[in-house]
Every structure is written in C-alpha cells, then in structure tokens.
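Next come the chains, spelled out residue by residue.
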Amino acid sequence: ASGAPPQVCHFKLVLLGDASVGKSCLVVRFAKGEFYEYQEPTIGAAFMTQTVSLNTEVVKFEIWDTAGQERYKSLVPMYYRGAAAAVIVFDITSRESFDAAKAWVSELQNTDTLIALAGNKSDLEAARAVDRDAARAYADQMSLLYMETSAKTGQNVNELFNEIAVRLPRRS
Ligand code: GDP
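Going by the annotation in an unreviewed UniProt entry, the name recorded for the protein is RAB5B protein, with Symbiodinium natans given as the source organism.

A. Highlighting helix 6 (residues 157–167). Within helix 6, the full set of buried residues consists of Val157, Leu160, Phe161, Ile164 and Ala165. Buried residues in helix 6, looked at end-on, bunch into an arc of 135°, giving them a common side.

B. Focus on the site of the ligand. Residues in contact with the ligand amount to 17 residues; listed here are only the nearest, Ser20, Lys23, Glu37, Asp123 and Ala151. Within the backbone of Ser24, one N or O atom sits 2.9 Å away from an oxygen atom of the ligand. For the ligand, a nitrogen atom lies 2.7 Å from a polar atom in the side chain of Asp123. When the ligand sits alone it has 580 Å² of accessible area, and the protein chains cover 85% of it. No other element matches helix 1 (residues 23–32), which puts 3 residues into the shell around the ligand.

C. Fine view of the sheet that holds strand 2 (residues 47–53). With mixed pairing, 6 strands are arranged side by side in an open sheet as 2-3-1-4-5-6. Because the sheet does not close on itself, it has two edges, and the strands there are strand 2 and strand 6 (145–148). Averaged over neighbouring strand pairs, the angle between their axes works out to 25° when direction is ignored. Direction of pairing for strand 2 relative to strand 3 (residues 57–65): antiparallel, over a ladder of 7 bridges. Counterpart to Ser53 in the pairing with strand 3 is Val58. Helix 6 rests against strand 1 (7–16), strand 2, strand 3, strand 4 (85–91), strand 5 (114–120) and strand 6 of the sheet, and its axis sits at about 170° to strand 6.

Thresholds applied
Residues numbered from 1 in each chain as written. Predicted model: local features only at pLDDT ≥ 70, side-chain atom pairs only at ≥ 80, totals over all residues. Heavy atoms only, no water. Buried < 20%, exposed > 50% of the residue type's maximum accessible area, 1.4 Å probe, protein only. Helix = DSSP H or I, 4+ residues; strand = E, 2+ residues; numbered from the N terminus. Arc of directions from axis to C-beta. Near = heavy atom within 4 Å. Polar contact = N/O pair within 3.5 Å; in protein donor to acceptor, adjacent residues only side chain to side chain. Areas by Shrake-Rupley, 256 points an atom, 1.4 Å probe, with all protein chains shown as cover. Pairing = 2+ DSSP bridges. Axes fitted to C-alpha atoms, helices over the stretch in contact; angles between N-to-C directions. Contact = heavy atoms within 4.5 Å.

Pasting the structure below:
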C-alpha cells in the first residue's frame, strides 16, 4: 500500500419519494446491512452515515431520511437544501409512486444536486407496475442515474451508493 492516507470527502445525501416506497429500509440496508420488515421509519433512519471506499479516496455520506415529512411537502426544501445528492425512490409495484418521483425530479432538476432514481422493491417482480425500460428511458432523458434496488434482498443497494460516490463532483 502507498503511504498517503486516502482523502475523505463528506457529502450530504437525502432520500425523497412517496411514503412506503422503502426509503428508510434502503438507508438501513446501506448503513447497517440489515432489513427489518417492520422498520419504524422515524427510529430507523433520521440521520445515518456510511462510507464508500474508492481507489484513492473515501466518500462519507451523511444521509438524511425524510422520516415521514413527505406528508408536509412545504418543509421538504429545507431538508434537501445543500444536499450533494438526492436518491429519489419509487416502488416498482406502484405507478403512483413513479409519478410522485417524477414530480420530485422536476423540483430538484435545476439545482446543483446530483439526482439518482431508484426503482425499489425489485424483489416483487411479479407485482411490477412500472415498466423497467420506460423508467430507464425517462431517467436517460433526464440524465439521471437509474437503478432498480431491493432493500429486502440487498440487490443493487451498495452499487447505487457506490455509483453516486463515483459520479459526485468533487470540490477542489
Ligand atoms: P418509507 O416510508 O419510504 O421510508 O418506507 P419504509 O422503508 O418504511 O418501507 C415501507 C414498507 O416497504 C415496509 O413494510 C418495508 O418492509 C417494505 N419494503 C421496503 N423496501 C422493500 C423492498 O425492497 N422489498 C420489499 N418486498 N419490501 C420492502
């Protein structure tokens, strides 16, 4: 190993999306590697940190979960302000949640925040209501990172945060 310690970059990351799409579970899966079927959202993940190690640096995410504030839309800008990245989550079994995700994308589109779109609950393929290719085409059109994740099985969860870490612009 080379001598110099890796540089640590800190980034604020927020999760947005309809209630029950799995935001708290995604944070807990990423930060603790665990999944609780009956996650208490407010206790689950108001604020957590987790690091991603890249080749020459370490990215430390300071993750804010809305913890139910999606019900009070007017409060949400306060919470995503200054975020380097936002994960906008929908549930692949809910078209309504996909529409809500699009509304969040419009709201954050003209900010400096890097946006990732996550189609969560990919383990529920049999109940899919949002077409994968349509979601990907939308994400491409909006220049968003798109991944289908499962907080339950862990599929693509670390990959999602890793890809965000790679894509985040560095302050120099
Ligand atoms: P939030 O309101 O967006 O924070 O959603 P939660 O994280 O509280 O999750 C809502 C519900 O969806 C809970 O019953 C979870 O167990 C369930 N859930 C979350 N992620 C997944 C997933 O990837 N797959 C499945 N099958 N259920 C999930």
